[in-house]
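Reading the structure
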Amino acid sequence: MTRTTPGRPLRADARRNYERILAAAETVFAEQGADGSLEEIARRADVGSATLHRHFPSRRALLLAVFEDGIAGLCEQARALARDTAPGPALATWLRALATYTVTHRGLSLSLLPPGPGTAVGDDPCHVMLHDAGAPLLHRAQQAGVVRPDVAFADLLTLVTAISLATEATGDPAGAERLLTLALTGIHVAA
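Residues numbered from 1 in each chain as written. Predicted model: local features only at pLDDT ≥ 70, side-chain atom pairs only at ≥ 80, totals over all residues. Heavy atoms only, no water.

Our next topic: a nonpolar patch on the surface. Taken together, the side chains of L179, L182 and I187 make up a nonpolar region of the molecular surface, amounting to roughly 290 Å² of accessible area. Among the structural elements, L182 can be located in helix α10 (residues 173-185). The exposure class assigned to L182 is partly exposed, which follows from its relative accessible area of 34%. (Patch = residues over 30% accessible without salt bridge, like charges linked within 9 Å, V, L, I, M, F, W, Y side chains within 5 Å. Areas by Shrake-Rupley, 256 points an atom, 1.4 Å probe, with all protein chains shown as cover. Salt bridge = Lys/Arg side-chain N within 4 Å of Asp/Glu carboxyl O. Helix = DSSP H or I, 4+ residues; strand = E, 2+ residues; numbered from the N terminus. Buried < 20%, exposed > 50% of the residue type's maximum accessible area, 1.4 Å probe, protein only.)

What follows is the structure, encoded as structure tokens:
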């Protein structure tokens, strides 16, 4: 998938600046996490701070743009699982893939937290993409009777985000998967 820019097509020099900012942001966020220095990103991209802010008016907008391709891949995986896998395993497999991706991409879990007050989820393209791909998996699992009917997709996204935040410092997907398995199966001993 090619990264997109909002609005009209960019001039060639603006497109190059946009791509350099994204590449620098990927590196800085990988090294420093979601709180990585925006000034450092601008410096590495060889652009001014104003250019960075013209393309990305907020840190959140930059984080979401950095992770757009990965989120698109997760969404495609959700659609494939919906076609090819039984409802319960499809949802669990996709939630594990989401947890693994977020824990191994420092900063993503913070960008998946719900938007602040006054911001609709519909304003956040990553949330919309994840909801459109993941909610049908949840709905199928609920219809099959393998997931409680009162579980909302936002609950699952919050759960995965919390697990990712708790394990992001280690970058260990196995730790995130273990915690997600505990959350999905509960801690009770089967009778």
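As a further point, take the packing of helix α1 (residues 12-32) against helix α2 (residues 38-45). At a closest axis distance of 8 Å, the pairing of α1 and α2 adopts a crossing angle of 135°. Comparing the axis directions of α1 and α2 gives the class oblique. As for the relative orientation of α1 and α2, their crossing is right-handed in sense. Taking contact as the criterion, the partners of R20, I21, A24, A25, T27, V28, F29, E31 and Q32 in α1 are, on α2, E40, I41, R44 and A45. (Axes fitted to C-alpha atoms, helices over the stretch in contact; angles between N-to-C directions. Parallel < 35°, antiparallel > 145°, perpendicular 65-115°, else oblique. Left-handed = near helix turned anticlockwise from the far one by under 90°. Contact = heavy atoms within 4.5 Å.)

Positioned with a positive phi, D46 is a non-glycine residue whose angle comes to about 60°. Note on placement: D46 falls in the loop between α2 and α3 (49-55). On the accessibility criterion, D46 (63% relative accessible area) is exposed.

Scored by pLDDT, the protein chain has a mean of 85; 84% of the residues are at 70 or more. Mean pLDDT across the secondary structure elements of the protein chain bottoms out at helix α7 (residues 108-111), with 69, and peaks at α2, with 95. (pLDDT = per-residue confidence, 0-100.)

A few words now on the packing of helix α6 (residues 87-104) against α10. Close contact between α6 and α10 brings their axes to 9 Å; oriented N to C, the two are set at 145°. Handedness of the α6/α10 crossing: right-handed. Across the interface between the two elements, A92, L95, R96, A99, T100, V103 and T104 from α6 touch P173, A176, E177, L180, T181 and L184 from α10. Across the contact of α6 with α10, the residue classes tally to eight nonpolar, three polar and two charged. (Nonpolar A, V, L, I, M, F, W, Y, C, P; charged D, E, K, R; others polar.)

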